[in-house]
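Topology and contacts: notes
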Amino acid sequence: MESEALARPAALDALEALAPADHIRVIAEVKRASPSRGDLADIPEPQALAAQYESGGASVVSVLTEQRRFKGSLDDLEAVRKAVSIPVLRKEFIGEEYQILEARAAGADLVLLIVAALPQRTLERLHEFTLQLGMTPLVEAHTADEVARAVDLGSQLVGVNARNLSTFELDRDLFGRVADQIPAGVIRVAESAVLDVADVVRYREAGADAVLVGEALVTNDPIATLASYLSV
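Attention here is on the structure that accompanies the text. As the structure is a prediction and not an experimental result, all values here were calculated from the model.

**Overview of helix 9 (residues 197-205)**
Along helix 9, the residues that are buried comprise Asp-199, Val-200 and Tyr-203. Seen from one end, helix 9 has its buried residues packed into an arc of 100°, which puts them on one side. Of the exposed residues in helix 9, the ones pointing more than 90 degrees away from its buried face are Ala-198 and Glu-205. Residues of helix 9 that are buried make contact with helix 8 (174-178), strand 9 (187-191), strand 10 (210-213) and helix 11 (222-229).

Here it is, written out as structure tokens:
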């Protein structure tokens, strides 16, 4: 797996793709299902959806590869990588270096590291390993304390997920409460609770540089929905 990962072309620069702009950046997700919402969309050809995302102006495509609850796979990631020229994120419960090698071998440019799922020393190790492979870690927090842990890592890309991992409830005000903890120069990503333009406006006004959106894109016209978000 290591040799396959190292044989890939260099990872694309996700920080450049998500750099602050005069409009919100969008990480558009290929998402068939979730534990909180059940089945969302069949998506028989994830590469076709990803191509729509790119043509619609998305900055990054996120691909869920967890199979049991999200009905994704690494095959989806590989198909998407071949179809788009923008960075691709592996969305998965990452707990060991092997999964990061898998991601790079399949063509991912970013991986998700969930603070709540990892002891700090493991988080630090996986963060560094991701950087050594030339990839970008998206470090995801769900509380103010977890944001502090992400910042302590020196992460340049911090996501704040409004969904409670235990109850699946949404805290739509979480991002606004913790955004100021994220230093200037670090890209701030708002995750979850994005269903319409008003949600994007709220996040943008609270300081988000980007939003990560799945459900709203796979259950509506992705091009039209992206266009409305990118107007913010």
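Don't stop here, the text continues.
**So, helix 3 (residues 46-56)**
Of the positions making up helix 3, those classed as buried are Pro-46, Leu-49, Ala-50, Tyr-53 and Gly-56. Angularly, the buried residues of helix 3 cover 125° about the axis, an arc narrow enough to put them on a single face. Its buried side turned inward, helix 3 meets strand 1 (25-30), strand 4 (60-64), helix 4 (74-83), helix 10 (215-218) and helix 11. Positioned one or two residues after helix 3, Gly-57 has a phi angle of 110°, which is positive.

**A short note on the pattern of salt bridges**
For the structure shown, the criterion picks out 11 salt bridges. Here Lys-91 makes a salt bridge to Glu-29, at a shortest N to O gap of 2.9 Å. Within this pair, whereas Lys-91 is found in strand 5 (residues 88-91), its partner Glu-29 is found in strand 1, the two being separated by 62 residues in sequence. The same class applies to Lys-91 and to Glu-29, which are both buried. The shortest N-O distance in the salt bridge between Asp-109 and Arg-104 comes to 3.8 Å. Linked through salt bridges whose partners overlap, the residues forming this network are Arg-81, Arg-104 and Asp-109.

**Structural notes on the sheet that holds strand 7 (residues 136-141)**
Remark on secondary structure: sheet strands pair via backbone hydrogen bonds, oriented parallel or antiparallel. Pairing in this closed barrel of eight strands is parallel, and the strands run 1-4-5-6-7-8-9-10 around the ring. Strand after strand, the sheet turns through a mean of 25° between neighbouring axes, direction not considered. Here five bridges tie strand 8 (residues 157-161) to strand 9, and the two strands are oriented parallel to one another. Directly across from Leu-157, in strand 9, lies its bridge partner Ile-187. Strands strand 7 and strand 8 of the sheet are contacted by helix 7 (residues 144-153), whose axis makes an angle of about 155° with strand 7.

Here is what the cut-offs are and how they apply
Residues numbered from 1 in each chain as written. Predicted model: local features only at pLDDT ≥ 70, side-chain atom pairs only at ≥ 80, totals over all residues. Heavy atoms only, no water. Buried < 20%, exposed > 50% of the residue type's maximum accessible area, 1.4 Å probe, protein only. Helix = DSSP H or I, 4+ residues; strand = E, 2+ residues; numbered from the N terminus. Arc of directions from axis to C-beta. Contact = heavy atoms within 4.5 Å. Salt bridge = Lys/Arg side-chain N within 4 Å of Asp/Glu carboxyl O. Pairing = 2+ DSSP bridges. Axes fitted to C-alpha atoms, helices over the stretch in contact; angles between N-to-C directions.

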